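So the chains spell out like this:
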Amino acid sequence: MKVGIAVQGGGTRGIFAAGALDVLMEEKITFPYAIGTSAGALALANFLSGDHGRTRYIISTIIGDPKFVSVRNRIFKGTVFDFNYLFYEIPKKESPFNFEAFKDNPTKFGAVATSLETGLAKVFYKDETPDIFAAMAASSSLPLLSRPVYVEGHPYLDGGPACSIPFEPALNNGMDKVLVISTRAKGFRKVPDKRFSVSLAKAMYKDHPEFCQAFLERYQVYNALVERMERLEQEGRLLVIYPEKPPVVGVACKDGALLDQLYEEGYWITRHRLDEIKKFLRQ
């Protein structure tokens, strides 16, 4: 029985997943396959490197660093979020990342991004991608706020529009079951974008109509994905860890108290469901 793990993104809501993954790390639970979208990929990278607490630190501290997120970045770098700083500078200085442990971890690790050229999901795997950190930067680059990230010569943005909860790639890659960490409460459904966002997307992505369509239809894709997830959960192929109530944390929350609360919620929900999780992994 092969059981993989899939982690949803959601910007700073990813601190819920950080809490859940820290419990799994403490329990020395491993997986043959791990895949994440956006902040979910970042959280899983820290899980695979064994850097307990690092995702919590990154989300709760770096989000307030103007070197990472600022209007100045938008003006001078063309992106609100400086992912070069997040993925290439911080791991070597402010918050060390165990590159060797990450490299040597045998788990097949993937990060999901959305292609600007096709509007489709692209999974970048650590053992197949020359620069997996560029792929994670692409996976985390929010549309409308970030410039595209080029990976292997092609432009990508956030994996959310095409595959926000990536349990299907895990099932399609030989996993019998998948443990899913959701950063939205059970039953959550997305609604269409407001008129301003629609107009802005059409203007920004006029040269990439496939991506623009995927971005504007992402609420439909997400809702259909959640319905499949809930059906597979009922069938026993997925075990989903959800927040107990809809998080008030947005994609770029800087409220330390709210972020700490959401981390603790992810930690204790997972801790309380640990027997259920271990049983799911065994059977």
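In what follows, the structure referred to is the one given above.
Residues numbered from 1 in each chain as written. Predicted model: local features only at pLDDT ≥ 70, side-chain atom pairs only at ≥ 80, totals over all residues. Heavy atoms only, no water.

Chemist: Explain the overall build of the chain to me, please; I cannot follow it from the model alone.
Modeler: Of regular secondary structure, the chain possesses 14 helices and 8 strands. In terms of overall dimensions, the chain is globule-like: its C-alpha atoms have a radius of gyration of 17 Å, near the 19 Å expected for 283 residues. Each principal axis of the C-alpha distribution contributes one length, and for the chain these read about 50 × 40 × 40 Å. By the burial criterion, 56% of the 283 residues in the chain qualify as buried. Carbon together with sulfur atoms contributes 53% to the accessible area of the chain, which is approximately 12700 Å² in total. Across the chain, the centroid of the 36 positively charged side chains sits 2 Å from that of the 33 negatively charged ones. (Helix = DSSP H or I, 4+ residues; strand = E, 2+ residues; numbered from the N terminus. Rg over C-alpha atoms; globule rule 2.2 N^0.38 Å. Buried < 20%, exposed > 50% of the residue type's maximum accessible area, 1.4 Å probe, protein only. Areas by Shrake-Rupley, 256 points an atom, 1.4 Å probe, with all protein chains shown as cover. Lys, Arg positive; Asp, Glu negative; His and termini not counted. Charge placed at Lys NZ, Arg CZ, Asp CG, Glu CD.)

Chemist: What am I meant to see in the packing of helix 1 (residues 14–26) against helix 2 (residues 39–49) here?
Modeler: For any two helices packed against each other, the geometry comes down to the angle between their axes and how far apart the axes lie. The contact between helix 1 and helix 2 brings their axes to 10 Å, and the two run at 20 degrees. As far as their axial angle goes, helix 2 and helix 1 are roughly parallel. Our pair here, helix 1 against helix 2, has a crossing hand that is right-handed. Packed against helix 1, whose contacting residues are G14, L21, L24 and M25, the element helix 2 presents A39, A43, L44, N46 and F47 at the interface. Its residues placed into classes, the contact of helix 1 with helix 2 shows 7 nonpolar, 2 polar and no charged. (Axes fitted to C-alpha atoms, helices over the stretch in contact; angles between N-to-C directions. Parallel < 35°, antiparallel > 145°, perpendicular 65-115°, else oblique. Left-handed = near helix turned anticlockwise from the far one by under 90°. Contact = heavy atoms within 4.5 Å. Nonpolar A, V, L, I, M, F, W, Y, C, P; charged D, E, K, R; others polar.)

Chemist: Looking at this structure, I do not really get helix 13 (residues 256–272). What am I missing?
Modeler: For an α-helix the count is 3.6 residues per turn, leaving residues at separations of three or four pointing the same way. An ideal rise of 1.5 Å per residue puts 24 Å on 17 residues; helix 13 measures up with 24 Å between its terminal C-alpha atoms. Among all positions of helix 13, only L259, L262, Y263, E265, G266, Y267, I269 and T270 are buried. If you follow the buried residues of helix 13, they end up packed against helix 1, helix 3 (54–62), strand 8 (238–241) and helix 14 (274–282). (Expected span 1.5 Å × (residues − 1).)

Chemist: Help me out: how do you make sense of the nonpolar core in this one?
Modeler: Nonpolar side chains in soluble globular proteins tend to end up buried together. Membership of the largest hydrophobic core comes to 66 residues, with the highest contact counts inside it found for I5, L24, F68, F109, L179 and I181. Here the element with the most residues in this core is helix 1; it accounts for 9 residues. Ranked by size, the runner-up nonpolar core spans 21 residues in total, among them C163, I165, V180 and V240. (Core = buried A, V, L, I, M, F, W, Y, C linked by side-chain atoms within 4.5 Å.)

Chemist: Can you help me understand helix 7 (residues 132–140) in this one?
Modeler: The element helix 7 is largely enclosed, with a buried count of 9 among its 9 residues. Buried within helix 7 are the following residues: I132, F133, A134, A135, M136, A137, A138, S139 and S140. Near the N-terminus of helix 7, the side chain that reaches the backbone nitrogen of F133, with its oxygen 3.1 Å away, is that of D131. (Polar contact = N/O pair within 3.5 Å; in protein donor to acceptor, adjacent residues only side chain to side chain.)

Chemist: What's the story with the pattern of salt bridges in this structure? I'm lost.
Modeler: Note on pairing: side chains with opposite charge can pair once their charged atoms come close. Across all of its chains, the model carries 12 salt bridges by this definition. With a closest N to O distance of 3.2 Å, K278 and E27 form a salt bridge. Taken together, the residues span a long stretch of sequence, with K278 in helix 14 and E27 in the loop between helix 1 and strand 2 (33–37) at a distance of 251 residues. We classify E27 as partly exposed; its relative accessible area is 27%. Taken together, the shared-partner salt bridges connect E26, E27, R271 and K278 into one network. (Salt bridge = Lys/Arg side-chain N within 4 Å of Asp/Glu carboxyl O.)

Chemist: Hey, could you run me through the side chain of T114 in this one?
Modeler: By the element assignment, T114 lies in strand 3 (residues 108–115). Look at T114 and you get buried, because its relative accessible area is 0%. Of the polar contacts made by the side chain of T114, one reaches the backbone oxygen of D158; its length is 2.7 Å. Here G159 takes part through its backbone oxygen, which lies 3.5 Å from a polar atom of the side chain of T114. For T114, the contacting residues outside a window of four places in its chain are G119, L120, P155, Y156, L157, D158, G159, G160, P161, A162 and F211.

Chemist: Please clarify how the pairing of strand 3 should be interpreted in this entry.
Modeler: Two faces, one strand: in a regular strand the side chains alternate between the faces of the sheet. Among the 8 residues of strand 3, 7 are classified as buried, and the element is accordingly described as predominantly covered. Two elements, strand 3 and strand 4 (residues 121–125), share 5 bridges in a ladder whose sense is antiparallel. Among the inter-strand pairings, A113 is bridged to a residue of strand 4, identified as K122. Taking the residues that link successive antiparallel strands as the turn, the strand 3-strand 4 hairpin has 5 residues, and the phi of G119 there is positive, at about 75 degrees. Bridging between strand 3 and strand 6 (residues 154–158) involves 3 bridges; their strand directions are antiparallel. Counterpart to T114 in the pairing with strand 6 is L157. (Pairing = 2+ DSSP bridges.)

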